[in-house]
Amino acid sequence: MAEAGSFADRVKQQADIVRVVGEYVRLKKSGQNFTGLCPFHAEKSPSFAVHPTKQIYHCFGCGVGGDVFKFVMEMEKCAFPEAIRIVAEKCGIAVPRQKERSPEERKENQQRALLVEMHREAQTFFVKQLEATLEGKAGQAYLEDRGLDKEAMTRFGMGYAPSGGDALLRHLKPKCNEKLLVESGLVSRDQSGGRLFDRFRRRITFPIANESGKIVAFGARALGDDLPKYLNSPETPIYSKSNVLYHMDRAKEGIRRQDFAILVEGYLDAIAVARAGISNVVASCGTSLAEPQIKLLGRFTRRVIVNYDPDAAGQIATERSLSLLLEQDFEVRVLALPAIGNKKADPDLFIREKGAEEYLKLLKEALPYVDYLIARARQMDLTSGEGKRQAVNFLLPYVQKIPNRILRSEWATRIAQQLRLDEPVLRAALSKAAAERRSELKIQPELVARAAKPVERRLIRMLAEAQGFRQELAKQLQNARLYHGQETEKIFEALVIASLSGQPVQATEVGAALEDRDRRLLFEILFEEANEPTWEEAMSCIEALQHRRAERELADVQRSIEANPPGQELRGLLEKKQELMRRLAAAR
């Protein structure tokens, strides 16, 4: 609350709440008040009102309300003192300088101000080098080859650090002492501790700004084969890489407005996405996402689409980022771009080759993180008990990160469906492991159970032994593709081929065509005691497989519906869901 006579009180008296709120919400005059769509909850008809005389706001839908400071605190996710400063600046009210507490603090503030000025000066220098030197022309040619025109170079402040090794040093030296030059990170000292030289040489430069738009560091891309390919500024008094997200100064309004952020790896990825008309994109600058960066994101949204590079390093970074985001209770989706020819596609390459429209389409179809991780787990060998255990152990750390018990339960259902595990046993095992904070699931016999369901085992036995009808059974199984995707698919495939040949099935010949684990399972099934097979029993087993497939299809359709696809696609999915539900109900 602003105390009478305080600076906050003076700002509140002079501030125009309609003007401040109007920067975030489109307001229309309605009688004495102004109305618009509430920024704090989704609505189609306006229930948000601003009272210009009383200088308050209130939403009749969700019930939020307060004064101009409360509104800014909610929108900017900031504390009261920061809200005072923001409102004052928006209203053109001079903010009094804070009293420095000590000479040391005053010195640190002065140093930070000088470092910011040095980076502004360096940015001007780099841009001039790109635009007006022969070396810079080579830099421009490289950027043009990457699909960037002059407008993009200017818009994103790209520059060029010359190869000489001391051009920036000579430019800055008349204005700055050596100590400050080294502390800025723009200049380095050789190993002997004597000679100074430019940190960035023969590189395209990308200015890195903090949230308020002040340049605090640079990223630089080698023009030739120099290593490392990308080089960033070191940690300095004004730059900590774990506290800054590239493009956040430009993206924050789009993130707040659309209520989600797209997280990419590098500068060129962020630039490509932003140029495609998608402003709410930020980059972690090639580093692993850090907790302070997540907290910075959390000031503007709790929803993120992770779109890192598809290579091995990008997959590791994606999975590490998911862990951190889940811990902070974010809603996360993952966009894994398809390859272009034989090239793995990052956002920059994909947009250049396929266009912004195709990228937008895939962005809307980004997988919920659960499905992305399960898809990764399914790449493991799920035909063996050990493979299933490894897949579950891959997923378990993410389960442990989820604070919400209901979501953990949902995970168990999805994992069981996708990996074809015994759900009650899996659910109990996951719950126990998460409660005990264990990183591995130790209950492997109960989890994986037998390697094939009774229905599959019985049909395999019939294909091997039912002389009277195994050929007709093989035809039905093959035509309906009922064994496709089953753990026992290879065994069925071999037996169906043998049965359709019209010759007697020789177990040893079928087994010879199988891998060791499938051969062992086949012989295990053939040694089980069983009644004489009948055609009626065979039809009953086929109906059970059809029922199981319909249940899997229903689960897939439900996940697609939950992804909220466009209208036409959603209608098709809902129709398919109804059809599958009718089919399942009729089979009961």
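Please refer to the structure higher up on the page.
Residues numbered from 1 in each chain as written. Predicted model: local features only at pLDDT ≥ 70, side-chain atom pairs only at ≥ 80, totals over all residues. Heavy atoms only, no water.

## Details of the overall build of the chain
Along its length, the chain carries 27 helices and 16 strands. Relative to the globule expectation of 25 Å for 588 residues, the C-alpha radius of gyration of the chain, 31 Å, shows a markedly less compact shape. Expressed as lengths along the three principal axes of its C-alpha atoms, the size of the chain is roughly 95 × 70 × 45 Å. Within the chain, the proportion of its 588 residues that are buried is 47%. Surface accessibility of the chain: about 30,500 Å² in total, with carbon and sulfur atoms responsible for 50%. Here the chain contributes 91 positive and 82 negative side-chain charges, whose respective centroids are spaced 4 Å apart. (Helix = DSSP H or I, 4+ residues; strand = E, 2+ residues; numbered from the N terminus. Rg over C-alpha atoms; globule rule 2.2 N^0.38 Å. Buried < 20%, exposed > 50% of the residue type's maximum accessible area, 1.4 Å probe, protein only. Areas by Shrake-Rupley, 256 points an atom, 1.4 Å probe, with all protein chains shown as cover. Lys, Arg positive; Asp, Glu negative; His and termini not counted. Charge placed at Lys NZ, Arg CZ, Asp CG, Glu CD.)

## Observations concerning the pairing of strand 9 (residues 203-209)
The element strand 9 is extensively covered by neighbouring structure, given that seven of its seven residues are classed as buried. Where burial is concerned, the two faces of strand 9 agree: the one with R203, T205, P207 and A209 and the one with I204, F206 and I208 are both buried. Where strand 9 meets strand 10 (residues 215-222), seven bridges bridge the pair, whose relative direction is antiparallel. Residue pairing for strand 10: P207 is matched across the bridge by F218. Hairpin connection from strand 9 to strand 10: five residues lie between these consecutive antiparallel strands, with G213 at a positive phi of about 95°. (Pairing = 2+ DSSP bridges.)

## Observations concerning the sheet that holds strand 5 (residues 65-66)
Read from one edge to the other, the open sheet built from five strands follows the order 1-2-3-4-5, with strand pairing classed as antiparallel. Edge positions in the sheet fall to strand 1 (28-30) and strand 5, since each of these pairs with one other strand and no more. Sheet topology places strand 2 (residues 33-36) next to strand 3 (residues 48-51); three bridges connect them, and they run antiparallel. Counterpart to G36 in the pairing with strand 3 is F48. Across the sheet, helix 3 (residues 68-76) touches strand 3, strand 4 (56-59) and strand 5, and the angle it forms with strand 4 is around 55°. (Contact = heavy atoms within 4.5 Å. Axes fitted to C-alpha atoms, helices over the stretch in contact; angles between N-to-C directions.)

## Quick look at the sheet that holds strand 15 (residues 331-334)
Here we have five strands laid out as an open sheet, ordered 13-12-14-15-16, and mixed in their pairing. Across the chains shown, the open sheet's two edge strands, defined by having one partner strand only, are strand 13 (281-283) and strand 16 (367-368). Sheet topology note: the strand 12 (residues 261-264)/strand 13 ladder contains three bridges and is parallel. Within strand 13, the residue paired with I262 across the bridge is V281.

## Thoughts on helix 25 (residues 516-526)
For helix 25, the complete set of buried residues consists of D518, L521, L522, I525 and L526. The buried residues of helix 25 occupy an angular sector of 135° when projected down its axis, which confines them to one face. Those residues of helix 25 hidden inside the fold are in contact with helix 21 (454-465), helix 23 (489-500) and helix 24 (507-512). (Arc of directions from axis to C-beta.)

## What to know about the environment of G341
As for its placement among the helices and strands, G341 is situated in the loop between strand 15 and helix 14 (347-354). Separated by 17 residues in the primary sequence, G341 and L324 place their C-alpha atoms 33 Å from one another.

## Things to note about helix 21
The end-to-end C-alpha distance of helix 21 is 16 Å, a good match for the 16 Å that 12 residues give at a rise of 1.5 Å each. Counting buried residues in helix 21 gives 10 out of 12 residues, a clear majority hidden from the surface. The complete set of buried residues in helix 21 reads V455, E456, R457, R458, L459, I460, R461, M462, L463 and A464. (Expected span 1.5 Å × (residues − 1).)

## Thoughts on the pattern of salt bridges
By the definition in use, this model includes 21 salt bridges. The partner of E23 in a salt bridge is K90, with the nearest N and O atoms 2.7 Å apart. With E23 in the loop between helix 2 (17-22) and strand 1 and K90 in helix 4 (residues 80-90), this pair connects stretches of sequence that are 67 residues apart. Accessibility expressed as a relative area gives 43% for E23, which makes it partly exposed. For R120, the salt bridge is made with E117, and the minimal N-O distance between the two is 2.5 Å. Pair noted here: R120 and E117 are both in helix 5 (residues 103-132), with a separation of three residues, about one helical turn. Owing to a relative accessible area of 41%, R120 belongs among the partly exposed residues under this scheme. You can call E117 partly exposed: its relative accessible area is 36%. (Salt bridge = Lys/Arg side-chain N within 4 Å of Asp/Glu carboxyl O.)

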